[in-house]
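The chain contents come next:
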Amino acid sequence: MPRARIGLWLSLTLRSTRSLCRAGFMEGQPQGPPNPAGMENGTEPCGEERASEAQETTVTEGAAKIAFPSANEVFYNPVQEFNRDLTCAVITEFARIQLGAKGIQIKVPGEKDVQKVVVDLSEQEEEKAELKKGANLAPGDQPRTAAVGEICEEGLRVLEGLAASGLRSIRFAREVPGLQSVVANDASARAVDLMCRNVQLNAVAHLVHPRQADARMLMYQHQRASERFDVIDLDPYGSPAPFLDAAVQAVSEGGLLCVTCTDMAVLAGNSGETCYSKYGAMALKSRACHEMALRIVLHSLDLRANCYQRFVVPLLSVSADFYVRVFVRVFTGQAKVKASASKQALVFQCVGCGTFHLQRLGKASGASGGRVKFSAACGPPNSPECEHCGQRHQLGGPLWAEPIHDLDFVGRVLQAVSANPGRFHTSERIQGVLSVITEELPDVPLYYTLDQLSSTIRCSTPSLLQLRSALLHAGFRVSLSHACKNAVKTDAPSSALWDIMRCWEKECPVKRERLSETSPAFRILSVEPRLQANFAVRDDANPSSRQRGLKRFQANPEANWGPRPRARPGGKAAGEAMEERRRLHQNKRKEPAEDPVQRAARLKTFPCKRFKEGTCQRGDQCCYSHSPPTPEDTAAAASPDHPKTSHQNPPGSGVAAGPGVD
């Protein structure tokens, strides 16, 4: 045994010596090990091995200019410019609030001149305010200001956990005032090298500090209150679930946490068990799946924060394109954490008509002495079978059942973007989305859709204004939703909503003989409405955002746009083959378009019913056949025992083939 151990030790020593000699011969000189501390802090020289300029692409977005490889080595998606513009606007207003409490004013480029135009009508009041403000200042003191591109010693410390090319961090440094530092982190060495080059290209090295580290470990290292970040931005490829536990611990008291989720197939109900494993909630297939996705993400954030006696307060939650984006503030408080159970709810959704009911997990009630008593909620809110169509219910959630926006904060962001529209390239869409959000009912979770209600009872679809007017005439509130253009968000109970649809069906009757007795449509329409709906259009039925025609949805920025492939070493997923694959995947679940000539020939094989009745006036222009049936076909159709086979004349019979018969 000792001899065997000695032999093994000698063989390993010789192998390592041989590899070191080979490395020294190949390189020409010995190389020391890399400095991990320098890599993490971004102090190692960047860009020593640079690709040729012909292999790189330069992109200008906002105030930043970014160079990134044409291959798919570093992730970049131009479609998410709206996401980055909205984030800059939100962080700017957050900095205005946070620094305003310290007596620091921020200066946004292009905002001062616009404010002068707005305040021209009240110049006397402005002068009085300035005199009053000057009287409060001590002699020789000047109001402290924070400008874009300057280091603010009491400003915000920002972390972008998954920075890729560093575009978002550089835009923060060049567009958001009141920042102390921006840490742009990524686990990829190639991404960090590009970040260093882009930081130098944009002259923001004094603000942006690239780092190479695992985002989770980096955030876990900043759990102390003095080392936490004021703003943490997480925009991963896919699900952010692995980073949420570290993020809720690394954000400062009252700090801002920005999270993007692009795994919408999971959050929208295509894989409920996967959604539960990532976010702790079951997602359902529903017309309101986009808002349900937002509420599931908020539930997951609050659940993870509760483990550390912290809780979240949503500022803004947006569903856009192929992702959802939430902005929340994180606070600490054991008493407030106890109320988190009463903010979550389960969802009972009927599989037949889509009616849903919410069941709170907890109950908060007032007690003597101004105290709040927490207890378990009572339920369920419905019977095992749906009261409208008799079908079963599916159980989803838990999800966030409280408001998902802070309307005061949303109003501040909307006002700032509207007053300075030239600041962002997507300002029109930001104004449209935020305007619809300000009109949403904050205390009404989820929504129905117009086509869902009409297709359930198999009737024609009323206009959006007619249905909204009927709900308003009945005394209920109703609003749109930024997540769906046909959404009907209302506080009306489901019974009143189906009564309105029954009244609409009486104006546009459905053929009852075509409905199955077990179908949801037959069971819903078999009940007489107790509410008489009035579909006369009201003036307040059309919201202001709809009247102004504000832009809410993404215009096609490029061909075959959407989620991009994951970044890979060497950019193996990029190139013409990937573009061709993306093109082929467009509308892959739809049937291919039929050739017009083949369609015309196929329709000519069917007889025209109106021609048989003598009412067809199209003549030769009719797309169906006007050929009269032969006597043999008529006799065959009249005979009950005649086999249903195609009629063929025997060869040499001398009988001319009838029209339409081969």
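Our structure's up above, just so we're on the same page.
Let us look at the structure shown here. Only a predicted model underlies this, so the values are computations on that prediction, with no experimental measurement involved. (Residues numbered from 1 in each chain as written. Predicted model: local features only at pLDDT ≥ 70, side-chain atom pairs only at ≥ 80, totals over all residues. Heavy atoms only, no water.)

A separate point is the overall build of the protein. Tallying secondary structure elements over the protein gives 24 helices and 19 strands in all. Across the protein, every contact between residues at least 6 apart in sequence was considered, and the portion connecting residues at least 24 apart equals 69%. Within the structure as shown, the protein displays about 35800 Å² of accessible surface, and the carbon and sulfur contribution to it stands at 52%. (Helix = DSSP H or I, 4+ residues; strand = E, 2+ residues; numbered from the N terminus. Contact = heavy atoms within 4.5 Å. Areas by Shrake-Rupley, 256 points an atom, 1.4 Å probe, with all protein chains shown as cover.)

A word on the packing of aromatic side chains. The full count for this structure, using the stated rule, is 4 aromatic pairs. Here F311 and F331 contribute two aromatic rings whose centre-to-centre distance is 5.9 Å and whose plane-to-plane angle is 25°, an arrangement assigned as stacked. Separated by 20 residues along the polypeptide, F311 in strand β10 (residues 310-320) and F331 in strand β11 (residues 323-332) bring together distant segments of the chain. Judged by relative accessible area, F311 falls into the buried class, the value being 8%. When the ring of F322 is compared with that of Y323, the centres are 5.4 Å apart and the planes differ by 75°; the resulting orientation is edge-to-face. When the ring centre of F82 is taken as reference, the NZ or CZ atom of R429 above it lies at 4.3 Å. (Phe/Tyr/Trp six-rings, centres within 6.5 Å; stacked < 30°, edge-to-face > 60°. Buried < 20%, exposed > 50% of the residue type's maximum accessible area, 1.4 Å probe, protein only. Lys NZ or Arg CZ within 6 Å of the ring centre and 35° of its normal.)

Here we come to the sheet that holds strand β17 (residues 448-449). Spatially, the 3 strands line up as an open sheet ordered β17-β19-β18, and their pairing is antiparallel. Each edge of the open sheet is held by one strand with a lone partner, namely β17 and β18 (478-481). Of the strand pairs in this sheet, β17 and strand β19 (residues 484-490) are connected by 2 bridges, and their pairing is antiparallel. Considered in β19, the bridge of Y448 is made with V488. (Pairing = 2+ DSSP bridges.)

Turning next to the environment of K336. Mapped onto the secondary structure, K336 falls in helix α13 (residues 334-337). Owing to a relative accessible area of 51%, K336 belongs among the exposed residues under this scheme. On a C-alpha basis, the gap between K336 and V312 in space is 10.0 Å, while along the polypeptide they are 24 residues apart.

Strands sit in the order β13-β12-β16 across an open sheet of 3 strands; the sheet is antiparallel. Sheet topology places β13 (356-360) and β16 (393-400) at the edges, where each strand pairs with a single neighbour. Taken pair by pair, the neighbouring strands of this sheet meet at an average axis angle of 25°, ignoring direction. Most of the contacts of helix α12 (residues 289-306) go to β16, to which it runs at about 55°, and overall it touches β12 (344-350) and β16. (Axes fitted to C-alpha atoms, helices over the stretch in contact; angles between N-to-C directions.)

The next point concerns the nonpolar core. One finds M219, I232, L257, L267, I296 and L301 to be the most contacted residues of the largest nonpolar core, which totals 84 residues. No other element matches the 8 residues that α12 contributes to this core. Both of domain 1 (78-108 + 144-364 + 374-415) and domain 2 (447-548) provide at least three residues apiece to this core. M219 has contacts with L159, I232, L234, F243, A246, A247 and A250, leaving out every residue within four places of it along the chain. Within the second largest apolar cluster, 49 residues are counted, among which are L167, V192, V231 and L256. (Core = buried A, V, L, I, M, F, W, Y, C linked by side-chain atoms within 4.5 Å. Domains from an automatic or database assignment.)

Our next topic: empty space enclosed by the protein. For the structure shown, the criterion picks out 4 cavities of 30 Å³ or more. Approximately 70 Å³ is the volume attributed to the largest cavity. Lining the largest cavity are E291, R295, P403, I404, H405, L407, I437, E440, L441, P442, V444 and K489. By residue class, the composition of the lining of the largest cavity is 7 nonpolar, 1 polar and 4 charged. (1 Å grid on protein atoms, 1.4 Å probe; cavity = no way out; pocket = protein on both sides within 12 Å on 5 of 7 lines; lining within 4 Å. Points joined across faces, edges and corners; volume = space filled by probe spheres on them. Nonpolar A, V, L, I, M, F, W, Y, C, P; charged D, E, K, R; others polar.)

A few words now on the environment of A335. Counting through the fold element by element, A335 comes out in helix α13. With relative accessibility at 57%, the residue A335 sits in the exposed group. Sequence separation of A335 and R310 is 25 residues, and the distance between their C-alpha atoms is 9.8 Å.

A cluster of basic residues, K511, R514, K609 and K612, forms a positive patch at the surface. Counting through the fold element by element, R514 comes out in the loop between α18 (494-507) and α19 (520-525). (Patch = residues over 30% accessible without salt bridge, like charges linked within 9 Å, V, L, I, M, F, W, Y side chains within 5 Å. Salt bridge = Lys/Arg side-chain N within 4 Å of Asp/Glu carboxyl O. Lys, Arg positive; Asp, Glu negative; His and termini not counted. Charge placed at Lys NZ, Arg CZ, Asp CG, Glu CD.)

Side chains that carry opposite charge are capable of pairing whenever their charged atoms lie near each other. Applying the stated criterion across every chain yields a total of 24 salt bridges. R96 serves as the salt-bridge partner of E93, at 3.0 Å between the closest nitrogen and oxygen. You can see E93 and its partner R96 sitting in helix α3 (residues 81-100), 3 residues apart, about one turn around the helix. With a relative accessible area of 3%, E93 lands in the buried category. Put simply, E505 and R512 hold a salt bridge, and the shortest N to O gap is 3.1 Å. Salt bridges linked by common partners bring E61, R84, D85, R171 and E175 together as one network.

This next bit is on the packing of α3 against helix α14 (residues 407-419). One way to put it is that α3 packs onto α14 with a least axis distance of 10 Å and a crossing angle of 110°. Judged by the inter-axis angle, α3 sits roughly perpendicular to α14. Along this stretch, α3 crosses α14, giving a crossing that reads as right-handed. Two secondary-structure elements touch here, α3 through A89, V90, E93, F94, R96 and I97 and α14 through F409, R412, V413, A416 and V417. Partitioned by chemical class, the residues of the contact of α3 with α14 number 8 nonpolar, no polar and 3 charged. (Parallel < 35°, antiparallel > 145°, perpendicular 65-115°, else oblique. Left-handed = near helix turned anticlockwise from the far one by under 90°.)

The quantities given are spatial measurements derived from coordinates; they are silent on function.
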